[in-house]
Amino acid sequence: MKKTLIAMGTATLLFAAGCSAASQVEQFNGKPLDGQNVQIYSHRGGRGLGPENTMANYRSSLRMGVDYIDMDINMTKDGVLVVTHDLGLNPNITRDSQGNFIKKSLLIHDLTYQQLQSYNVGELKPGTAYAKFFPYQLAEKDAKIPTLKQVIEYTKRVAGDKVGFQIEIKNDPTHPEQSATPEQYAKALYTLLKQEDVIDRTEVQAFDFACLIALNKLDPKIKTAYLTANGDSSDSTAWTAGYKVQDYGNSWPRLVKKLGGAAWEPYEMDITKAQIDEAHKLGLKVVVWGWPEQEGTEFNYPQVVKLINWGIDGIISDRPDELRGVLAARGYNLPQGFTIRSHS
């Protein structure tokens, strides 16, 4: 990491060039950061700290200071883009209007937005595997599933243009009946991003490559980020829009580049330094994501340190607070936090 000394009177400030001093264009341009910075993405708002994908968690992220807030989107029966991870209501985190945890999942796509508002997603169900992975998550008394528009507008009010949006489209191409189509998602999302004037600081990610291809057909300038995981099979093309990674030398970076992506986003335990270097040479940003249910920890300290040393561009973390500390100790400046004086 390059460092610069600036003299100011009798004091000398040491800072990582290109970090918090970077212009907004540099911060959100979707390009490799050349080792100058590691961007902090608060996964589902930082689900190790508070209930995932809720306004309470996004408030926490903005107070703390992150480069991007991360969220997942589904589409309701009446066409509203809402922020929630699973295709159906998750029984591990969802209570009904009587305060009881639901016993089975209900597809988001089968519910209207109004119906969705009768559920509370502010608390982990005790005794579940999910709860054991996040023992310090602070419950929220009454947390509704927000719309994407609500999250974007709230973030703009608090942070102006200083925080980016990472939006993951949720679907399953092997079960297309469970969600909107890639084209429906693309049209609705593109319309909202234009209306809110946040295209320049938004990255859109998906495991289903067809969603990202459909979005870039509407606007090639939208920064698309291609997700991959260790469960991906080189023989399966359901998730890769018919493309085979073996046709590109078994190189995910080469395939992502071919499809017009701005970023490759693999599971953090899959990647090697050679792959990061290859992606950077192709002009791709590389952002990794953790998987507590797979790794057995909500913050994999050894792996995070290794990735930082390898020159990763960003880390999607359930514990952005831990990531801030690791980066600060290694000489990186941090994104600013914001004072929020109420819970509204």
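Before reading further, recall that the structure is shown in the block above.
Residues numbered from 1 in each chain as written. Predicted model: local features only at pLDDT ≥ 70, side-chain atom pairs only at ≥ 80, totals over all residues. Heavy atoms only, no water.

**Section: the overall build of the chain**
Stage number 1. Tallying secondary structure elements over the chain gives twelve helices and eleven strands in all.
Stage number 2. Taken over the C-alpha trace, the chain has a radius of gyration of 20 Å; the compact-globule value for 344 residues is 20 Å, and the two agree within 12%.
Stage number 3. Taking the principal axes of its C-alpha atoms as reference, the chain extends roughly 60 × 50 × 40 Å.
Stage number 4. When each of the 344 residues of the chain is scored for burial, the buried share is 53%. (Helix = DSSP H or I, 4+ residues; strand = E, 2+ residues; numbered from the N terminus. Rg over C-alpha atoms; globule rule 2.2 N^0.38 Å. Buried < 20%, exposed > 50% of the residue type's maximum accessible area, 1.4 Å probe, protein only.)

**Thoughts on the pairing of strand β3 (residues 39–42)**
Stage number 1. Neither face of β3 is exposed, since Gln39 and Tyr41 on one face and Ile40 and Ser42 on the opposite face are all buried.
Stage number 2. Sheet topology note: the β3/strand β11 (residues 314–317) ladder contains four bridges and is parallel. When the sheet's bridge partners are listed, Ile40 is paired in β11 with Ile315.
Stage number 3. Where β3 meets strand β4 (residues 68–75), two bridges bridge the pair, whose relative direction is parallel. (Pairing = 2+ DSSP bridges.)

**Here we look at the packing of helix α11 (residues 301–310) against helix α12 (residues 320–329)**
Stage number 1. For the pair α11 and α12, interaxial distance at closest approach is 11 Å and the crossing angle is 45°. By the angle between their directions, the pair α11 and α12 is classed as oblique. Between α11 and α12 lies a crossing whose hand is right-handed. Contact residues: Tyr301, Val304, Val305 and Ile308 in α11; Leu323, Val326 and Leu327 in α12. (Axes fitted to C-alpha atoms, helices over the stretch in contact; angles between N-to-C directions. Parallel < 35°, antiparallel > 145°, perpendicular 65-115°, else oblique. Left-handed = near helix turned anticlockwise from the far one by under 90°. Contact = heavy atoms within 4.5 Å.)

**Details of the layout of surface pockets**
Stage number 1. If you add up the space inside the largest pocket, you get close to 790 Å³.
Stage number 2. In terms of lining residues, the largest pocket is bounded by 37 residues, among which His85, Glu168, Lys170, Phe207 and Trp289 are the most central.
Stage number 3. Secondary structure elements with two or more residues in the lining of the largest pocket: β4, β6 (164–169), β8 (223–228) and α10 (292–295).
Stage number 4. Of all the elements, β6 adds the most residues to the lining of the largest pocket, at three residues.
Stage number 5. In the lining of the largest pocket, the residues fall into 13 nonpolar, twelve polar and twelve charged. (1 Å grid on protein atoms, 1.4 Å probe; cavity = no way out; pocket = protein on both sides within 12 Å on 5 of 7 lines; lining within 4 Å. Points joined across faces, edges and corners; volume = space filled by probe spheres on them. Nonpolar A, V, L, I, M, F, W, Y, C, P; charged D, E, K, R; others polar.)

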